[in-house]
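Tertiary structure, described
Now for the letters of each chain:
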Amino acid sequence: MRCLIVGGGGREHALAWKMAQSPAVESLLIAPGNGGTAAMAAASAGRVQNVPVKDGDIPGLMALVARERIDLVVAGPELPLTLGLADACAAAGVPCFGPVQAAARLEGSKIFAKEAMVDAGVPTAGFAVFDDADAARAHVLAHSVPMVIKADGLAAGKGVVVAKTHEEALEAVDAMLVQHCFGEAGARVLIEDALAGEEASLLALCDGEHVVPLPACQDHKAIYDGDTGPNTGGMGAYSPAPILPDASLQAMCDLAITPIVRLMAQRGTPFKGVLYAGLMFVDGQPFVLEYNVRFGDPECQPLMTRLDCDLPAVLLACCEGRLAPDMLAIRPESALCLVLAAGGYPGSYDTGKAIAGLDAAGTVPGVTVFHAGTRLEHGQVQTSGGRVLGVTALGADLAQARDQAYTAAAHIEFDGKYCRSDIGMKGLRRLGL
Ligand code: ATP
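Residues numbered from 1 in each chain as written. Predicted model: local features only at pLDDT ≥ 70, side-chain atom pairs only at ≥ 80, totals over all residues. Heavy atoms only, no water.

1. Overview of the packing of helix α1 (residues 10-20) against helix α13 (residues 311-319)
Helix-helix packing is characterised by the crossing angle of the two axes and by the distance between the axes. Where α1 contacts α13, the axes come no closer than 7 Å and their chain directions differ by 105 degrees. Taken as axis vectors, α1 and α13 run roughly perpendicular relative to one another. Contacts between α1 and α13 involve Leu15, Lys18 and Met19 from the former and Leu311, Pro312 and Leu315 from the latter. Residues of the contact of α1 with α13, tallied by class, amount to five nonpolar, no polar and one charged. (Axes fitted to C-alpha atoms, helices over the stretch in contact; angles between N-to-C directions. Helix = DSSP H or I, 4+ residues; strand = E, 2+ residues; numbered from the N terminus. Parallel < 35°, antiparallel > 145°, perpendicular 65-115°, else oblique. Contact = heavy atoms within 4.5 Å. Nonpolar A, V, L, I, M, F, W, Y, C, P; charged D, E, K, R; others polar.)

Spelled out as C-alpha cells, the structure:
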C-alpha cells in the first residue's frame, strides 16, 4: 500500500511512526512532515519520504496523490479536511481517512457543532448565537459571569475566551464582532454558559455508521503548571485517563459520539475518520464542549504508542465502511507524552536552535521522541516551531510512564527549552497516588 500522511506536527510523526510499522506499507509520504519524519526517511532506504507540499494546498496534495499513485490518504490536521481534501479524494477514487467537508464542519463551525448537539440530544452547555454586536452586548450584560465567548470558525485555538468579568466578555465581543480580529471566523459568535469541572478527551474511530471508541486521554492545554497561564495547543497528554475508565468508554461514546455520527449519516454526510469529543465532567456529569474531526495533538502520541494493531488496515476499514471493534487492539500499559516547547511559546519564540540529546533520550526504556516543530538541517535537528518535541513513554502504569518521559526529557537540550513539571499529576491524584 502506498500511503500519504498530510501534516507536519507531533501527531503526524506519531501516525507515520505507527504506519511505518505495517508490513503492508510499501511507501509512506508525509506532506510536509518535520525533522522527525525526515530522520525516519533518512533511515528508511527510500520507503519513507517528506514532500514539501503544505497541508492546506489541496490541488498540490491531489497532484501528489495522482503522481505517486497513493492508495490511502491520512489527514492529520483539520485544515485540509475543512478545505475539502476528503471530497477531492472521493472524486479521485482514493480512500481518505478523514471526513468530507460537510462533516468536517463539526470542527470548522462551533455553531454548526452546537446545533448538531442539540439535534442529536448530546449534553452541552447552554448557548446563544450572535452576529450583531449590540445584541451580543445586551446578552452579556443580562447574564452572570463567568461566561464563554467563542468565535464560530477556526481561530488557531485562540478563538475561545472564558470571561470572568463582564468587561472581559464585552472586550471579546468587541474584538470578534467589531474589530473582526478573526476575520470571517469571528463574524458570528457563540456565548456559552461556563461549566466548571475536569476535562477529558474521548476519541472514536468512525466509518460513517460504526463507531469504535479509543481509550480516553487527558490533555494539558495551559502553558504553566496547575493549568495556569494562556492556553496552548497542548503541553502533554496521557492515556488511559483515570477520569474515564475503559469500562465506561462505550457508554460515553453512546452519549457523546454515536448520536452525532447517526445524525451526520441521516443528513447524507456520513462521518468517516476520527471524531474527538472534548468533554467536561461537572460533578461527574459529562458535557461536550467541542468536537474535533481529527486526532488531538498531543493525544495522538500516547494513543499511537498504545495501539497494538495494524494502523493502515484499521484506517482503511474506516474509509471503506467495514470498521469492527475487534480490529482494534490496545496495549494495557499507560502512555504519557511530555511536550518540550520553545521559550516564549505560546507567545513569540526563537527558532533555529540546535537540539542535543535525542539519541540518549531514545535509550530510556519505553521512550519514543516524536518531533513537532523541528527541521533537519545538514544532518542536525533544529527547532522550527513553538511545540518542539513530544517525549512519549509507555510504562506499566501512569506513574512509570511519567517517570520515564521526564527522565528522557532531561537528556534533551536546546536553548530556551520549557516543559510543564506536572504532566500526569491530575491522573495520579485521581488514582490516589
Ligand atoms: P482547541 O483548538 O484547543 O481544540 P478550541 O479553540 O477549538 O480549542 P474549545 O475546545 O471549544 O476551543 O475551548 C477551549 C477551552 O476553553 C476548553 O478546553 C475549555 O478549557 C474552555 N471552555 C470551552 N467551553 C467552555 C465552557 N462552556 N465552560 C468552561 N470552559 C470552556
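2. Quick word on the site of the ligand
Around the ligand sit 16 residues in total, of which Lys110, Glu192, Leu195, Glu199 and Glu290 are the nearest. Contacts to the ligand include Asp193, whose backbone N or O atom sits 3.0 Å from a nitrogen atom. Taking Leu195, its main chain carries an N or O atom lying 2.8 Å from a nitrogen atom of the ligand. Expressed as a share of its isolated accessible area of 610 Å², the protein-covered part of the ligand is 87%. Put simply, the parts of the chain that give the shell around the ligand at least two residues each are β7 (147-151), β9 (189-193) and β17 (285-292). Looking at which element gives the most residues to the shell around the ligand, the answer is β17, with three residues. Residue composition of the shell around the ligand, grouped by class: seven nonpolar, two polar and seven charged. (Near = heavy atom within 4 Å. Polar contact = N/O pair within 3.5 Å; in protein donor to acceptor, adjacent residues only side chain to side chain. Areas by Shrake-Rupley, 256 points an atom, 1.4 Å probe, with all protein chains shown as cover.)

3. Description of the pattern of salt bridges
Within this structure, the stated rule accounts for 21 salt bridges. A cluster of three or more residues bridged by salt bridges with shared partners is formed by Asp227, Arg420, Asp422 and Lys426. (Salt bridge = Lys/Arg side-chain N within 4 Å of Asp/Glu carboxyl O.)

4. Examining a nonpolar patch on the surface
A cluster of nonpolar side chains, Leu79, Leu83 and Leu154, forms an exposed patch at the surface whose accessible area comes to about 220 Å². Its place among the elements puts Leu154 in the loop between β7 and β8 (160-163). (Patch = residues over 30% accessible without salt bridge, like charges linked within 9 Å, V, L, I, M, F, W, Y side chains within 5 Å.)

5. Section: the nonpolar core
By size, the foremost hydrophobic cluster in this structure holds 86 residues, and its most contacted members are Val73, Leu85, Leu106, Ile257, Tyr291 and Ile412. Apart from residues no more than four positions distant in its own chain, Tyr291 is found in contact with Leu106, Glu107, Ala113, Met117, Val122, Ala256, Ile260, Leu275, Tyr276 and Ala277. Listed in part, the 38 residues of the second largest apolar core include Met19, Val74, Tyr276 and Leu315. (Core = buried A, V, L, I, M, F, W, Y, C linked by side-chain atoms within 4.5 Å. Buried < 20%, exposed > 50% of the residue type's maximum accessible area, 1.4 Å probe, protein only.)

6. Some words on the pairing of strand β15 (residues 236-239)
Neither face of β15 is open: one carries Gly236 and Tyr238, the other Ala237 and Ser239, and all of them are buried. Pairing analysis gives two bridges linking strand β12 (residues 218-219) to β15, with the strands arranged antiparallel. Within the sheet, the bridge partner assigned to Asp219 lies in β15 and is Ala237. (Pairing = 2+ DSSP bridges.)

7. Some words on the domain arrangement of the protein chain
On domain assignment, one finds that the protein chain holds domain 1 (2-100) and domain 2 (132-187). Taking only C-alpha atoms, the centre of domain 1 and the centre of domain 2 are 36 Å apart. (Domains from an automatic or database assignment.)

8. A closer look at the packing of aromatic side chains
Scanning the model with the defined rule gives four aromatic pairs in all. Between Phe97 and Phe295, the aromatic rings sit 6.2 Å apart at their centres with planes inclined by 25 degrees, giving stacked as the arrangement. Of this pair, Phe97 sits in strand β5 (residues 96-97) while Phe295 sits in the loop between β17 and α12 (300-306), and the two are 198 residues apart along the sequence. Per residue, the accessibility class of Phe97 equals that of Phe295, and both read buried. (Phe/Tyr/Trp six-rings, centres within 6.5 Å; stacked < 30°, edge-to-face > 60°.)

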